[in-house]
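Here is what each chain is made of, one letter per residue.
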Amino acid sequence: MEYQFRAIEKKWQAVWNEQKAYQVSNESDKPKFYVLDMFPYPSGAGLHVGHPLGYIASDIYSRFKRLKGFNVLHPMGYDAFGLPAEQYAIEHGVHPLKSTHGNIDNFRKQLDNIGFSYDWDREVRTCDASYYKWTQWIFLQLFNSYFDRASSKAKNIAELVAIFEAEGNSKHVCPSDAQLKFTAANWKAFSEKEQQDILMQYRLAFCGYGEVNWCEVLGTVLANDEVVNGFSERGGHPVEKKRLRQWYLRITEYADRLLTGLETIQFSDAMKEMQSNWIGKSYGAEIDFAIHNYEGALKVYTTRPDTVFGVDFMVVAPEHALIENITPDSHKASVAEYIAYVKSRSERERIAEKKITGCFTGAYVVNPFNQKLIPIWISEYVLAGYGTGAIMAVPCGDDRDFKFAQHFNIPITNIIGAAFDGVEANPTKEAVLTNSDFLNGVIQKDAIAIVNDKIEAMGIGQRKVNFRMRDAAFSRQRYWGEPFPIKWINGIAYPLSENELPLLLPEVDNYGPGPDGQGPLANIDSWVAENYETNTMPGYAGSSWYFLRYMDPHNTGSFCDRKVSDYWNQVDLYIGGTEHAVGHLLYSRLWTKVLFDLGHIGFDEPFKKLLNQGMIQGSSRFVYRKRGTHTYISAGLIGNHEVDQLHVDVNMVDGVDLDTAAFKNWKPDFANAEFILEDGKYICGVEVEKMSKSKFNTVNPDDLVERYGADTFRMYEMFLGPVEQSKPWDTKGIEGVHRFLKKFWRMFFDEMKGKVWVDEPASAAELKILHKAIKKIEEDTERYSFNTAVSTFMICINELYDLGCHKKEILSQVLILLTPYAPHFAEELWKVLGNEGLVINAAYPLFEAKYVLETSKEYPISINGKVRTNIAIALDATEAQVNEIVLGSEAVQKWIEGKEIKKLIFVKGKMVNIVL
């Protein structure tokens, strides 16, 4: 009986589907375990071999936990709203709903082909009204809540209104404007519009005006993590700063809880560091510097108030509101020119910029302690959204300030004496201060508190904890997204009632932007007539809570029943890429904390354990065209020829050997190609790059599954290396894994003899091999070391094969071990052996140490210090027995014949030495 892998895989996929083998109940006596993949955006290109890496890892672990007796939730769905889907639809001239559902159908077919154990009855699509109804509902929870700093949690906005009516806002500092103060009498005297404007400054989901990343080509605002080096991550289009009305999430109020929450979850140290850096907590002070010849002050935030006498210039964000007012006519032209340059740059680009740029405004502030005039500069490296948008520059103690001062020839004040050599800045806190008036002779770290006390006593500043993270932009000027359940009437945002949800996304023919930077919905008269918000929610809205909907996907009365979320609780294992470190993961953590605060769920962190899979990189192939010709030179013959390096489709290359006929038929440009060959072959160049359709280095998993089978493909993806690491794809290597499965198959069926498996008791040697494998594979799988588990399978089968093992007792146990990795293969042979039920429902083999205990040891036997032979001796043998065994050995007798034995040295467990 031949290993007909495709027939076997299709057979068992049909059986699992028919029997609903992977359907999971929300009620079980078993312990629960929730395994989740970061759900995919269903692109038109479908899956390449890099995509399933994390899915296969999660599937192995899910199946493993199921065999270990857990009730395992392992769902799948689609992140179907957002910019990529809309762009794809525009490019292909179809409605996003139609293209998205078509792409999902293709994804589902590819996923099913690989044999995943998803409970497809729980599938979610973020673009379905039954789903986004609850995204809108959660938005309303955010809109109708504020963050109570006293209790450090979200509360209903109605509670805040009651407080304002009773006592004003004296105990509740406004997060948007700390200067806002009013009494109960003031509040009652405010108009409805004034009251709602104030409440908007407290709401967790709020609307305001701000500098945003505007992409003209895409016609929308992008989040910071969607902009790379001044261009949109999607499509590579230019991005500039623009002031627009936007919705935001007040994530900054949760900054401390997001930081402390990291201590309770199992993320990698690198991931925790990325999130900590993004949040960017710091301790310092805000100081007001009076502006010379201007009624007003420049407020700066500094973590080093001890250096206030070393301030040689101020650097202000170019977009700071004060700049236009304080810049004298003599400097307006140069300032305007510089601001225009900065507007073309993304925040990431500005922060990362190594080149020093800036412009003097012509204005000055006054140092409040010595009345020194300090020039005000603008530079791109200061951002309006961080701190106050202005910094005090101390060149002797800060490297960036030092280089800025040197570049623009600004005099440098030395306040740390010999600690500053004039060659480079010294950020120490241990130096004794000089040139610092009342701080002279004080160690810097001790001066911090002195200055903080002084500025607070003078009324020109205060101690301050600051965060780099800013409130998250939560609206897009696009069509394909969740409509906001908001109506605007006379400038007031009114939320829809819950029974009006979902607010359905209307059909449109034109996806172009609306007037004045509004979204496409502004072009629909009926929509505008109802006063609905014309922006839509961003792509991350639906992905911020989808893990909760999987728990209870068909509930029409709630986003998730509390009893159900209490049972499944946190996601036990979340698998996905590091690219979502500061976007999706932070937003999911925020939404979870808000829902917890409001009593809708019983946990405030969504993911207990995060495993970041690496990237499977493409192994690109290149041909080399002699410049200006149709001649292609083999890689080893290029020499001094001037050539153009061109990507070639890896699917027409065997290793590095190009199929020249296929190449000529690939594109019209190559039809007349001529080749200069090496030993009759065209050898391609090779380079490891990101797997991408544009580099022609993608490999379709469907092709590999058809050629080698899903089980081979699954095991090979794991065999490539540790799941957390990136590694290049090499199709040739898959053949070794395929040979392994065929070898295992031959332990059941011989090509000549047919059935060879037998139902006989296992030998001690066979049980030893089995239980060594049980222990190693269980340990490796539990710690996600899937590549070493695959290696252990190969060792185990080779050893059993060498023993001629065909016994059901052994083979059945190995099949259960193999089930998470090669489920179709295991299911078929489990049935062949006559076992009851499905192997996916079997109990995981128990390791029994007694089978692997060593009863003897191979002792090296030395004669006069030189090893002459080895003898197996029982571990419990006495010294007298050892002497008898060793001296009775023919090999030993040959060396000691006719010679006197002075002594025999026996070191138990190590060696035997005979001294002649």
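Attention here is on the structure that accompanies the text. (Residues numbered from 1 in each chain as written. Predicted model: local features only at pLDDT ≥ 70, side-chain atom pairs only at ≥ 80, totals over all residues. Heavy atoms only, no water.)

The next thing to look at is the overall build of the protein chain. Broken down by element type, the protein chain carries 30 helices and 35 strands. Across its three principal directions, the C-alpha atoms of the protein chain cover 110 × 75 × 75 Å. For the protein chain, with 916 residues in total, the buried portion stands at 52%. Separation between the mean location of the 100 positive side-chain charges and that of the 120 negative ones in the protein chain comes to 4 Å. (Helix = DSSP H or I, 4+ residues; strand = E, 2+ residues; numbered from the N terminus. Buried < 20%, exposed > 50% of the residue type's maximum accessible area, 1.4 Å probe, protein only. Lys, Arg positive; Asp, Glu negative; His and termini not counted. Charge placed at Lys NZ, Arg CZ, Asp CG, Glu CD.)

Strand pairing in a sheet takes place through backbone hydrogen bonds and is either antiparallel or parallel in direction. The sheet built from four strands is open, its strands ordered β33-β32-β35-β34 with mixed pairing. The outermost strands of the open sheet, each flanked by one partner alone, are β33 (866–874) and β34 (903–907). In this sheet, neighbouring strand axes are inclined to one another by 20 degrees on average, regardless of whether the strands run parallel or antiparallel. Where strand β32 (residues 856–863) lies against strand β35 (residues 911–915), three bridges are found, and the strand directions are parallel. Across the sheet, the residue bridging to Ile 861 is Val 912, located in β35. (Pairing = 2+ DSSP bridges. Axes fitted to C-alpha atoms, helices over the stretch in contact; angles between N-to-C directions.)

Bringing the pairing of strand β4 (residues 153–156) into the picture now. The pairing of strand β3 (residues 145–148) with β4 spans four bridges and is antiparallel. Considered in β4, the bridge of Asp 148 is made with Lys 153. Hairpin connection of β3 to β4: four residues between the antiparallel strands, including Ser 152 at a positive phi of 55 degrees.

Let us now look at the sheet that holds strand β1 (residues 32–37). Strand order in the open sheet formed by four strands is β2-β1-β20-β21, and the pairing between neighbours is parallel. Because the sheet does not close on itself, it has two edges, and the strands there are β2 (71–73) and β21 (610–612). On average, each strand axis in the sheet is tilted by 20 degrees relative to the strand beside it, whichever way the strands run. Alignment of strand β20 (residues 573–576) against β21, held across three bridges, turns out to be parallel. By the bridge assignment for β21, Tyr 574 is matched with Leu 610. Set on the sheet, helix α2 (residues 52–67) makes contact with β1, β2 and β20; between it and β1 the angle comes to about 170 degrees. (Contact = heavy atoms within 4.5 Å.)

It is worth spelling out the packing of helix α23 (residues 710–719) against helix α28 (residues 823–832) at this point. Remark: α23 packs on α28, axes separated minimally by 7 Å, with the N-to-C direction vectors making an angle of 130 degrees. One element, α23, and the other, α28, form an angle in the oblique class. Contacts between α23 and α28 pair Ala 710, Asp 711 and Arg 714 from the former with Pro 823, His 824 and Phe 825 from the latter. In terms of residue class, the contact of α23 with α28 is built from three nonpolar, one polar and two charged. (Parallel < 35°, antiparallel > 145°, perpendicular 65-115°, else oblique. Nonpolar A, V, L, I, M, F, W, Y, C, P; charged D, E, K, R; others polar.)

For the coordinates displayed, the defined rule picks out 46 salt bridges. Put simply, Arg 478 and Glu 86 hold a salt bridge, and the shortest N to O gap is 3.2 Å. Of this pair, Arg 478 sits in the loop between β17 (472–473) and β18 (486–489) while Glu 86 is found in helix α3 (residues 83–92), placing the two residues 392 residues apart along the sequence. Taken individually, Arg 478 and Glu 86 each receive the classification buried, so the pair is uniform in this respect. Here Glu 605 ties to Lys 593 by a salt bridge, and the two come within 2.9 Å at their closest N and O atoms. On the criterion of sequence distance, the pair formed by Glu 605 in the loop between α20 (584–597) and β21 and Lys 593 in helix α20 is long-range, its members being twelve residues apart. (Salt bridge = Lys/Arg side-chain N within 4 Å of Asp/Glu carboxyl O.)

On to the state of the cysteines. Evaluated as defined, the whole model comprises zero disulfides. Cysteine Cys 207 shares no disulfide, and the gap to the nearest cysteine sulfur, in Cys 174, comes to 15 Å. In this structure Cys 796 is a free cysteine whose sulfur lies 8.8 Å from that of Cys 805, the closest cysteine sulfur available. (Disulfide = S-S within 2.5 Å.)

On any regular strand, side chains alternate: one points to one face of the sheet, the next to the other face. Sheet topology places strand β10 (residues 281–291) next to strand β11 (residues 297–302); six bridges connect them, and they run antiparallel. Paired with Ala 285 across the bridge in β11 is Thr 302. The hairpin turn running from β10 into β11, its antiparallel successor, is five residues long, and Asn 293 in that turn takes a positive phi close to 60 degrees.

Now for unusual backbone geometry. Cis geometry is found at the peptide bond from Leu 501 to Pro 502, where omega equals 0 degrees. As for its position among the elements, Pro 502 is in the loop between β19 (492–495) and α16 (525–529). Its identity is not glycine, yet Asn 293 carries a phi of approximately 60 degrees, on the positive side. With respect to the helices, strands and loops of the structure, Asn 293 is situated in the loop between β10 and β11.

What follows concerns the packing of aromatic side chains. Within the structure shown, the criterion is met by 77 aromatic pairs. Look at Phe 675 and Tyr 682: their rings are 5.7 Å apart centre to centre, the planes differ by 75 degrees, and that puts the pair in the edge-to-face class. For Tyr 682, a relative accessible area of 1% translates into the label buried. Members of the aromatic cluster, each reached through a chain of ring pairs, are Phe 33, Tyr 61, Phe 64, Phe 70, Tyr 784, Phe 786, Phe 793, Tyr 821 and Tyr 844. Note that Lys 667 overlies the ring of Trp 666, its terminal NZ or CZ placed 4.6 Å from the centroid. (Phe/Tyr/Trp six-rings, centres within 6.5 Å; stacked < 30°, edge-to-face > 60°. Lys NZ or Arg CZ within 6 Å of the ring centre and 35° of its normal.)

Now for the nonpolar core. Core analysis: the biggest nonpolar cluster contains 185 residues, and Phe 139, Trp 247, Phe 474, Met 715, Phe 744, Phe 748 and Phe 825 have the highest contact counts within it. Considering each element in turn, this core owes the most residues, nine residues, to helix α5 (residues 129–143). Apart from the residues lying within four places of it in its own chain, the contact partners of Phe 139 are Ala 205, Trp 247, Phe 474, Phe 484, Pro 485, Ile 486 and Met 537. Membership of the second largest hydrophobic core comes to 41 residues, among which are Phe 289, Ile 291, Leu 439 and Ala 447. (Core = buried A, V, L, I, M, F, W, Y, C linked by side-chain atoms within 4.5 Å.)

The analysis is restricted to geometry; functional conclusions fall outside its scope.
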